[in-house]
Amino acid sequence: MRRTGWALFAVAPVATALVFLFTPGSEDGSSGGGAHSAAAERARDDAQIAKLPPGLAAPAKKEIAQQLVASAENSTLDWRGQYGYIEDIGDGRGYTAGIIGFCSGTHDLLTLVARYSEDHPDNRLARFLPALRAVDGSDAHTGLGPAFTAAWRAEAARPAFRAAQDAERDRVYFEPAVRLAKLDGLGTLGQFAYYDAMVLHGPGTGPDGFYGIREATLDETDLPSQGGREKAYLDIFLDKRRAAMKKHRSDRDTSRIDTAERQFLYDGNLELRTPLTWRVYGEEYRIP
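Residues numbered from 1 in each chain as written. Predicted model: local features only at pLDDT ≥ 70, side-chain atom pairs only at ≥ 80, totals over all residues. Heavy atoms only, no water.

1. Brief notes about the overall build of the protein chain
Worth spelling out the cut-off: To qualify as a helix, a DSSP run of H or I must reach at least 4 residues; to qualify as a strand, a run of E must reach at least 2; elements of each kind are numbered from the N terminus. Relative accessibility thresholds used throughout: buried, under 20% of the residue-type maximum; exposed, over 50%; partly exposed, between the two (1.4 Å probe, protein chains only). Any pair of residues with heavy atoms lying within 4.5 Å of one another is described as a contacting pair. Surface accessibility follows the Shrake-Rupley procedure with a 1.4 Å probe radius. Residue values consider only the protein chains on display as shielding.
Counting its secondary structure elements, the protein chain contains eleven helices and five strands. Here the protein chain, with 288 residues, has 52% of them falling under the buried criterion. Residue pairs in contact within the protein chain that sit at least 24 positions apart in sequence constitute 62% of those at least 6 positions apart. Counting every atom, the protein chain has about 12300 Å² of accessible surface; 53% of that belongs to carbon and sulfur.

2. Topic: the sheet that holds strand β3 (residues 102–103)
Filter applied, for reference: In short, DSSP must find at least two bridges between two strands for them to pair.
Strand order in the open sheet formed by three strands is β1-β2-β3, and the pairing between neighbours is antiparallel. This sheet does not close on itself; its edge strands, each paired only once, are β1 (86–88) and β3. Alignment of strand β2 (residues 95–97) against β3, held across two bridges, turns out to be antiparallel. In the strand pairing of β3, T96 is matched with C103.

3. Observations regarding the packing of helix α9 (residues 210–218) against helix α10 (residues 230–247)
Formally: Note on geometry: axes are C-alpha line fits, over the in-contact stretch for helices, and angles between N-to-C directions span 0 to 180 degrees. Orientation is classified from the angle alone, with under 35 degrees giving roughly parallel, over 145 giving roughly antiparallel, 65 to 115 giving roughly perpendicular, and any other angle giving oblique. If you view the pair so one helix is near and one far, a crossing is left-handed when the near helix is turned anticlockwise from the far one by less than a right angle, and right-handed when it is turned clockwise.
Packing of α9 against α10 leaves a shortest axis separation of 9 Å and a crossing angle of 130 degrees. Accordingly, the angle class assigned to the pair α9 and α10 is oblique. Seen from above, α9 lies across α10 with right-handed handedness. When α9 is examined against α10, the residues F210, I213, R214, A216, T217 and L218 are found in contact with a partner set consisting of Y233, I236, F237, K240, R241 and A244.

4. Concerning the pattern of salt bridges
Just so we agree on the cut-off: What counts as a salt bridge is simple: a side-chain nitrogen of Lys or Arg found within 4 Å of a carboxyl oxygen of Asp or Glu.
Overall, the coordinates contain 23 salt bridges when judged by the stated rule. The partner of D235 in a salt bridge is R262, and the shortest N-O contact between them spans 2.5 Å. Taken together, the positions of D235 in helix α10 and R262 in helix α11 (residues 255–266) put the pair 27 residues apart, joining distant regions of the chain. The partly exposed category is assigned to D235, whose relative accessible area is 22%.

5. Focus on the side chain of T254
Worth spelling out the cut-off: Contacts described as polar in this section are N or O atom pairs within 3.5 Å, which, within protein, must combine one atom able to donate a hydrogen with one able to accept it, while residues neighboring in sequence count only if both atoms come from side chains.
If you trace the backbone, T254 turns up in the loop between α10 and α11. T254 sits in the buried class, given a relative accessible area of 4%. There is a polar contact of 2.5 Å between the side chain of T254 and the side chain of D258. When sequence neighbours within four positions are dropped, the list of residues in contact with T254 reads R242, M245 and K246.

6. Let's talk about the packing of aromatic side chains
The condition is simple: Any two rings among Phe, Tyr and Trp, with Trp reduced to its six-membered ring, count as a pair given centres within 6.5 Å; such a pair is stacked if its planes are under 30 degrees apart, edge-to-face if over 60, and tilted if neither.
This model, assessed by the stated rule, comprises 15 aromatic pairs. Measuring from ring centre to ring centre gives 5.1 Å for Y194 and F210, while their planes differ by 75 degrees; the resulting arrangement is edge-to-face. In this pair, Y194 sits in helix α8 (residues 188–201) while F210 sits in helix α9, placing the two residues 16 residues apart along the sequence. Note on accessibility: Y194 and F210 belong to one class, buried. For the pair F264 and W278, a centre-to-centre distance of 6.3 Å together with 75 degrees between the ring planes defines the contact as edge-to-face. In this pair, F264 sits in helix α11 while W278 sits in strand β4 (residues 276–280), placing the two residues 14 residues apart along the sequence.

7. What to know about the pairing of strand β5 (residues 283–287)
In regular strands, side chains alternate between the two faces of the sheet. In this sheet, β5 lies alongside β4 in antiparallel orientation, the contact comprising five bridges. Its bridge partner lying in β5, R279 is registered against E284. Connecting β4 to the antiparallel partner β5 that follows it, the hairpin turn spans two residues, and Y281 within it adopts a positive phi of roughly 55 degrees.

8. Observations regarding the packing of helix α4 (residues 108–119) against helix α6 (residues 145–155)
Heads up, the condition is: Any residue outside Ala, Val, Leu, Ile, Met, Phe, Trp, Tyr, Cys, Pro, Asp, Glu, Lys and Arg is labelled polar, Gly included; the first ten of those are nonpolar and the last four are charged.
The interhelical angle for the contact between α4 and α6, taken along N-to-C directions, is 55 degrees, at an axis separation of 14 Å. With respect to their mutual orientation, α4 and α6 come out oblique. For the crossing formed where α4 meets α6, the hand is left-handed. Contact with α4, carried on its side by L109, L112, V113 and Y116, involves F148, W152 and E155 of α6 and no other residues of that element. Of the residues belonging to the contact of α4 with α6, the class tally is six nonpolar, no polar and one charged.

9. Things to note about the environment of L234
With respect to the secondary-structure elements, L234 resides in helix α10. With 48 residues separating them in the primary sequence, L234 and L186 have C-alpha atoms 8.7 Å apart. Contact partners of L234, with chain neighbours within four places excluded, come to L186, G190, A193, L265 and L270.

10. Things to note about unusual backbone geometry
For the bond from T274 to P275, the omega torsion is 5 degrees, close enough to zero to count as cis. Considering the arrangement of structural elements, one finds P275 in the loop between α11 and β4. With phi around 50 degrees, L272 is a residue other than glycine that occupies positive phi space.

Dropping the structure here:
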C-alpha cells in the first residue's frame, strides 16, 4: 500500500466535532434555542440537497470514487480487496489498515473498533481496545504487534466487519464531504475532490486539514453557491491541497491531484463521466 495521507493526527477532538456537525442524523448536543436553530438549519440544508442530483452519492459514481481513492491509497482499483490490509508504513501514524487507511495513531481506527465492538462484543479485536486507547495519538505498537495484525486480518473475513468499515468510511469521510460539497455548489468532480481531500488530509481545521484547506480557498475565491465559478474554485482548492502536501516534504508525490483530479478538471469533466483515464505514481488506470 502506498498511503500518502495527511490524516487526523493529533486533531481527533476537532475532527470528531466537525464530523458531528456534518454527519447526517447527528445532533449538536446543545439545548434550547440553539438546538432548535441548528435543527432548522439542517432541515433547510436537507431540503436543498434533496432537490439536487445524487452526484457522487449515486451508486455507480460512489463506486468510481472508491476506485479513484484506492488507486492513490493502494495502487489498485480493487478497493474491496483491502479490508484485511494492515501494516505500519513508517509515517508516524502507527498501523494503517482497511479500505480507507484507518490509523491506530489518528483515532479513526480506535473509533472503528470501538463502534464495531458495541454491536459485536465477541469479535477478535475487542480485547485490543485498551491498547488502542493507549497508543492513540502516537505511532506506538505497545500491546498490539503481530497478535493485533493477525486478529485484524482474520476479522476482515467477516461480513460484519467489512460492513463496519464501509459504514465508518461513509460516516466520517464520504457523507460529510459530499454533503458539504453539494451545499457549496459543486458537481460530482468537486464532491470527489472534497472526499479525497477528507481522506488524505483528515477532517481537521488546521492549515493542513480539510476544513483549513477549504477556508484558505475561500480567502481567494467565492463558492459556486455564492456566485463563484466552479472550475476556478476547484483549481484553487487543488492548489491549496497540493501546497499542503508539499509543505512538510517538497519531494512528495502529488500525482493524485496533478494527473488525476486536475486532469479531469481541465478536461471539463465536472460530472466524472466515464470512460476515465488517469495516472498515479506513474501508473495508468482506466475505468471504461
